[in-house]
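Here's the letter readout for the chains.
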Amino acid sequence: MLSALFRRLAPMAIFLVPFASASAPSLTLEKLTPLLPQGSQVALWVSDGQHNQPQISLQADALLPPASTQKLLTALAARLYLPNTFRFSTRLVQTGDDVALVFNGDPSLTRKDIRQLLSQLPRRGLDTINNLYLDGHAFAGRTRAPGWPWDILAVCYSAPSTAITLNHNCVQGAIYSQPDSTLTRVHVPNHQPISVENQARAVSKEEQEASHCGLDLSATRQNTYYFSGCLPHRKRPLPLNFAVQTPSTYVKAIVADELARLNVRVKGDIRVARAPSQSRELARHQSAPLTSLLTTMLRDSDNLIADNLLKALGRRYFQQPGSYRNGVAAVKAILQEAGIDLSQAVLVDGSGLSRNNRLSARQLAEVIHYITRHPELEMTQMLPTSGVDGTLKYRQSIRHAPIKGRLKAKSGSLYGSFNLAGILEDDSGKQHIVVQLVSHYHPEEDAQPENVPSPITQFEREFYMALIRGQLQPTLAQSH
């Protein structure tokens, strides 16, 4: 029973107000299932979309890890502060016999874009140049925020946030296991300037479990990756996504290769340094518009877009190289001007990847309320829709009717956290702001029967179905 769950968690009180008319079938907390694992912590907020007055408020001011729901703050601050014409730009400039690529953190910049920029050199008769500078002074400080888990830094969703960014600071590859052999093989495309050393063994699932052996990946700042441990035999290759550890080194190698393809000779060096102040622009590449970047960031939960936008905000707001510190300060200041008080929030990045971040359900509800009250920002349509697109397309708890298509929300998952923040439409057509923060969620895997939905899936499905149907009757439940 859900009341038993709430008694387990922490001293708290829940006040529920019905959504629909009194004629709707009532559903008490005692009839709701399932139970989340013991030790879980839940914060909930459900309010009227017009006035943001709480209809359900459970631990609304508890500061919990927001995970990727934090991208809502980054997105709103960017939408409020950056002009509609904002685009990340990458420029090719010339000073005498030297040229420079000036980067501003475009998270969508590709090798093809670099090729098109550099192709201007032979077209302008610059078959020989002295030095080529890679200028990344737009950003400063850490490339990864405090609190990012150290053990996932080699995978692409933890790619470093840098001004010199290319190919999403990510390289794709695959690891193969060979039938009847303990050998594994790693494939990375030849044109990617990274190296891989592989000592991982291919074993049976039984041997893997008996030896407590898993596949381990580590990396160095020289963009060298090391595989060790065990990989269960697979019929198909396991896809890999390597986070480029030092993007400037990676970009330097790619630029050298592209110049060679263009038959452009560099007499001096390709240097990571600031471009000379007096220069003329030869070519420019611009990213997609801000609304397009934000839509991708929110629907796909793109960490690199979020963190590079955070630093771009810090750079513009404080007129200094962007960083995590000034980016966070800019977000708080911009949202404070909009009436959203984040003075008690703990923010260290723009993506929510850091485990140091802390937000409350009330604070997230204020952000959603602002978005719904300002349709001119066009942010509601940027959110994923339950069972339709983005990170909510395949979320088991909400992908089927009657919840499918009724919830537009940003999801957020981190170790032990399963969160949602968005807008829900009930059967009467009314819209409600909904925030769900589930933290310290650690189910016993061995105790979970096969073909039975996980506890979090059951909890979410029953909760949102009850909200949609207006089946939650007024209840005051005290924990013991």
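Treat the numbers as computed from the prediction; the structure is a model and nothing was measured.

**Quick word on the sheet that holds strand E17 (residues 280-286)**
Across the sheet, 5 strands lie side by side as E16-E7-E5-E4-E17; this open sheet has mixed pairing. What marks the edges here is a single partner per strand, and that holds for strand E16 (270-272) and E17. This sheet shows a mean twist of 20 degrees between the axes of neighbouring strands, independent of strand direction. Judged from the 5 bridges that link them, strand E4 (residues 89-95) and strand E5 (residues 98-102) form a sheet pairing that is antiparallel. If you follow Leu 92 over to E5, its bridge partner there is Leu 101. On top of the sheet, helix H3 (residues 111-118) reaches E4, E5, strand E7 (132-135) and E17; it is set at about 155 degrees to E17, its chief contact. Against the sheet, helix H6 (residues 247-261) makes contact with E5, E7 and E16, and its axis sits at roughly 145 degrees relative to E7, the strand it touches most.

**Things to note about the nonpolar core**
Where a protein is soluble and globular, its nonpolar side chains tend to be buried together. If you look at the biggest cluster of nonpolar residues, it comprises 59 residues, and the most contacted ones within it are Leu 72, Leu 73, Leu 76 and Leu 309. The set of elements that each furnish at least two residues to this core consists of strand E2 (41-48), helix H2 (71-81), helix H7 (290-300), helix H8 (303-318), helix H9 (324-337), helix H10 (361-373), strand E19 (417-425) and strand E20 (431-439). Tallying contributions element by element places H10 first for this core, with 7 residues. Residue contacts for Leu 72: discarding those within four places in its chain leaves Leu 298, Leu 364, Val 367, Ile 368, Ile 371, Leu 383, Lys 410 and Ala 421. Among the nonpolar cores identified, the runner-up in size contains 36 residues, and Leu 101, Leu 126, Val 188 and Ile 270 belong to it.

**As for the packing of H8 against H9**
Two numbers describe how H8 lies on H9: the axes approach to 7 Å, and their chain directions differ by 75 degrees. By the angle class used here, H8 and H9 are roughly perpendicular. Mapping the contact onto sequence places Asp 307, Leu 310, Lys 311, Leu 313, Gly 314, Arg 315, Tyr 317 and Phe 318 in H8 and Tyr 324, Asn 326, Gly 327, Val 328, Ala 329, Ala 330, Val 331, Ala 333, Ile 334 and Glu 337 in H9. Its residues assigned to classes, the contact of H8 with H9 comprises 11 nonpolar, 3 polar and 4 charged.

**Focus: the side chain of Asp 135**
Relative to the helices and strands, Asp 135 resides in strand E7. Summary of buried charges: Asp 135 has no salt-bridge partner, and the nearest side chain of opposite charge, Arg 274, is 4.8 Å away. Within polar-contact distance, the side chain of Asp 135 engages the backbone nitrogen of Ala 275 at 2.9 Å. Excluding residues within four positions of it along the chain, Asp 135 makes contact with Leu 101, Val 102, Phe 103, Ile 164, Ala 273, Arg 274 and Ala 275.

**Let's talk about the environment of Leu 92**
By the element assignment, Leu 92 lies in strand E4. Exposure remark for Leu 92: the relative accessible area of 0% places this residue in the buried category. Each C-alpha atom of the pair Leu 92 and Ala 145 lies 29 Å from the other, and the pair is 53 residues apart in sequence. When neighbours within four sequence positions are excluded, Leu 92 is seen to be in contact with Ala 100, Leu 101, Leu 117, Leu 118, Gln 120, Leu 121, Arg 280, Glu 281, Leu 282 and Ala 283.

**Digging into unusual backbone geometry**
In this structure, Pro 402 follows Ala 401 across a cis peptide bond, with omega equal to 5 degrees. Relative to the helices and strands, Pro 402 is located in the loop between H10 and strand E18 (407-414). One non-glycine residue, His 212, lies in the positive phi region at around 50 degrees. Residues other than glycine seldom take positive phi values, yet His 440 does so here, at roughly 55 degrees.

**Concerning the state of the cysteines**
Under the criterion given, the structure shown has 2 disulfides. Between the sulfur atoms of Cys 156 and its disulfide partner Cys 170 the distance amounts to 2.0 Å. Taking the torsion about the S-S bond as the criterion, the Cys 156 to Cys 170 disulfide, at about 95 degrees, is right-handed. Of this pair, Cys 156 sits in the loop between E7 and strand E8 (170-177) while Cys 170 sits in strand E8, placing them 14 residues apart in sequence. The same class applies to Cys 156 as to Cys 170, namely buried.

**Observations concerning the pattern of salt bridges**
On inspection of all chains with the given rule, the structure shows 12 salt bridges. Between Glu 378 and Arg 79 there is a salt bridge, and its shortest N-O distance comes to 4.0 Å. Taken together, the residues Glu 378 in the loop between H10 and E18 and Arg 79 in helix H2 connect sequence positions 299 residues apart. Residue classification places Arg 79 among the buried positions, given a relative accessible area of 9%. Among the salt bridges present, the one from Arg 406 reaches Asp 427, with a minimum N-O distance of 2.9 Å. Of the two residues, Arg 406 is situated in the loop between H10 and E18 and Asp 427 in the loop between E19 and E20; the sequence distance between them amounts to 21 residues.

**Digging into the packing of aromatic side chains**
Scanning all chains against the criterion turns up 9 aromatic pairs. An angle of 50 degrees between the planes, with centres 5.2 Å apart, marks the rings of Tyr 81 and Tyr 317 as tilted. In this pair, Tyr 81 sits in helix H2 while Tyr 317 sits in helix H8, placing the two residues 236 residues apart along the sequence. Seen from their ring centres, Tyr 225 and Phe 242 are 4.9 Å apart, and the 55 degrees between their planes marks the pair as tilted. Pair noted here: Tyr 225 is in strand E13 (residues 224-232) and Phe 242 is in strand E14 (residues 238-243), with a separation of 17 residues, a long-range link. Assessed through its relative accessible area of 0%, Tyr 225 is described here as buried. Owing to a relative accessible area of 1%, Phe 242 belongs among the buried residues under this scheme. In this structure, Arg 185 packs its charged tip against the face of Tyr 176, placed 4.2 Å from the ring centre. The ring of Tyr 324 carries Lys 311 above its face, with NZ or CZ at 4.3 Å from the centroid.

Basis of the calculations
- Residues numbered from 1 in each chain as written.
- Predicted model: local features only at pLDDT ≥ 70, side-chain atom pairs only at ≥ 80, totals over all residues.
- Heavy atoms only, no water.
- Pairing = 2+ DSSP bridges.
- Helix = DSSP H or I, 4+ residues; strand = E, 2+ residues; numbered from the N terminus.
- Axes fitted to C-alpha atoms, helices over the stretch in contact; angles between N-to-C directions.
- Contact = heavy atoms within 4.5 Å.
- Core = buried A, V, L, I, M, F, W, Y, C linked by side-chain atoms within 4.5 Å.
- Buried < 20%, exposed > 50% of the residue type's maximum accessible area, 1.4 Å probe, protein only.
- Parallel < 35°, antiparallel > 145°, perpendicular 65-115°, else oblique.
- Nonpolar A, V, L, I, M, F, W, Y, C, P; charged D, E, K, R; others polar.
- Lys, Arg positive; Asp, Glu negative; His and termini not counted.
- Salt bridge = Lys/Arg side-chain N within 4 Å of Asp/Glu carboxyl O.
- Polar contact = N/O pair within 3.5 Å; in protein donor to acceptor, adjacent residues only side chain to side chain.
- Disulfide = S-S within 2.5 Å.
- Phe/Tyr/Trp six-rings, centres within 6.5 Å; stacked < 30°, edge-to-face > 60°.
- Lys NZ or Arg CZ within 6 Å of the ring centre and 35° of its normal.

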